[in-house]
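# Coordinate analysis (summary)
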Amino acid sequence: MQGIVFLLDAVFSFFIVLFLLRFLMQWSSTSFFNPLGELVLKLTAWASHPLRKFIRSYGKFDWASLICAILGVIILKILIAVLMFGNLLEIATPESIFTLALSCAFYLLRLVLDIYVFVILGSALLSWVNPHSAIAYPLHTLSAPILNPIRKFMPKLSGIDLSPLVAILLIQTLLIYIPG
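Residues numbered from 1 in each chain as written. Predicted model: local features only at pLDDT ≥ 70, side-chain atom pairs only at ≥ 80, totals over all residues. Heavy atoms only, no water.

### Thoughts on the overall build of the protein chain
Check the secondary structure of the protein chain and you find seven helices and zero strands. Walking the protein chain from its N terminus toward its C terminus, one meets helices and strands in the order α-α-α-α-α-α-α. In the protein chain, buried positions account for 36% of the 180 residues. Once local pairs closer than 6 in sequence are excluded, the contacts in the protein chain between residues at least 24 apart make up 66%. Surface accessibility of the protein chain: about 11,100 Å² in total, with carbon and sulfur atoms responsible for 75%. Separation of charge centres in the protein chain, based on 11 positive and 7 negative side chains, amounts to 13 Å. (Helix = DSSP H or I, 4+ residues; strand = E, 2+ residues; numbered from the N terminus. Buried < 20%, exposed > 50% of the residue type's maximum accessible area, 1.4 Å probe, protein only. Contact = heavy atoms within 4.5 Å. Areas by Shrake-Rupley, 256 points an atom, 1.4 Å probe, with all protein chains shown as cover. Lys, Arg positive; Asp, Glu negative; His and termini not counted. Charge placed at Lys NZ, Arg CZ, Asp CG, Glu CD.)

### Quick word on the pattern of salt bridges
Scanning all chains against the criterion turns up three salt bridges. In this structure, arginine 22 and aspartate 62 form a salt bridge, with 3.5 Å as the shortest nitrogen-oxygen distance. One end of the pair, arginine 22, is in helix H1 (residues 2-27); the other, aspartate 62, is in the loop between helix H2 (35-52) and helix H3 (63-85), with 40 residues separating them in the sequence. A relative accessible area of 3% places arginine 22 in the buried class. (Salt bridge = Lys/Arg side-chain N within 4 Å of Asp/Glu carboxyl O.)

### Quick look at the nonpolar core
Counting 41 residues, the largest nonpolar core has Ile16, Leu20, Leu36, Leu142 and Ile171 as the members making the most contacts within it. Mapped by element, the contributors of at least two residues to this core are H1, H2, H3, helix H5 (94-129), helix H6 (136-153) and helix H7 (163-177). Looking at this core element by element, the count peaks at eleven residues for H5. Not counting residues within four places of it along the chain, the set of residues in contact with isoleucine 16 comprises Ala69, Gly72, Val73, Tyr107, Leu108 and Leu111. (Core = buried A, V, L, I, M, F, W, Y, C linked by side-chain atoms within 4.5 Å.)

### Regarding the side chain of serine 65
Secondary-structure assignment places serine 65 in helix H3. If we skip the residues at most four places from it in the chain, serine 65 touches Phe19, Arg22, Phe23, Ser48 and Arg52.

### Details of H3
Spanning 23 residues, H3 covers 32 Å between terminal C-alpha atoms, matching the ideal 33 Å at 1.5 Å per step. Regarding H3, the residues found buried are Ala64, Ser65, Leu66, Cys68, Ala69, Gly72, Val73, Leu76, Lys77 and Ala81. Phi turns positive one or two residues past the end of H3, at glycine 86, with a value near 95 degrees. (Expected span 1.5 Å × (residues − 1).)

### Some points on the confidence of the model for the protein chain
Atomic detail in the predicted coordinates should be set aside for any region of low pLDDT. Overall, the predicted model of the protein chain reaches an average pLDDT of 92, with 97% of residues at or above 70. Confidence, expressed as mean pLDDT per element, reaches its minimum in the protein chain at helix H4 (residues 88-91) with 64 and its maximum at H7 with 97. (pLDDT = per-residue confidence, 0-100.)

### Here's the deal with the packing of aromatic side chains
According to the stated counting rule, one finds six aromatic pairs in the structure shown. Ring geometry for phenylalanine 14 and phenylalanine 15: centres 5.2 Å apart, planes at 80 degrees, overall edge-to-face. Residue phenylalanine 15 is classed as partly exposed on the basis of its relative accessible area of 27%. Judged by centre distance (6.1 Å) and plane angle (50 degrees), the ring pair of phenylalanine 23 and tryptophan 63 falls under tilted. Of the two residues, phenylalanine 23 is situated in helix H1 and tryptophan 63 in helix H3; the sequence distance between them amounts to 40 residues. The exposure class of phenylalanine 23 is buried, given its relative accessible area of 12%. (Phe/Tyr/Trp six-rings, centres within 6.5 Å; stacked < 30°, edge-to-face > 60°.)

What follows is the structure, given as structure tokens:
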């Protein structure tokens, strides 16, 4: 049973992260004309394009992608509950539905924060190793909404930008307080 739960979680989490990346890339005005953007677009088009017929993007927000991510989390949590407890009708009480909704919200929030940890870390590492790689610019643009407010308060020290370190520490601190 644990193996099936692990595989479900891995596959669903992969696609949920892709939908969240699509949402975050549009929100941060990150170009999709790069390897990361093309990967995200190709792997999420199967669900987000049909949904776009009913739910339009508004401003910088790609609501169809966010709804796909939310639906993915809900389906994952329900499948895991059914596998763990058996019959869904027996566990469908108002309390369990509220718990499911809260669990889904925390799961999404944790995934978004995890995405930002990896994006910020990747952006910082690439700025030292290969700042002109094809993936460096989208990571830099994706991390900007988190790093720019920190950079306003924290100047560079001897030409070294410590805002990625501060951002990762703050995100990790938040993750401690968000139930998993």
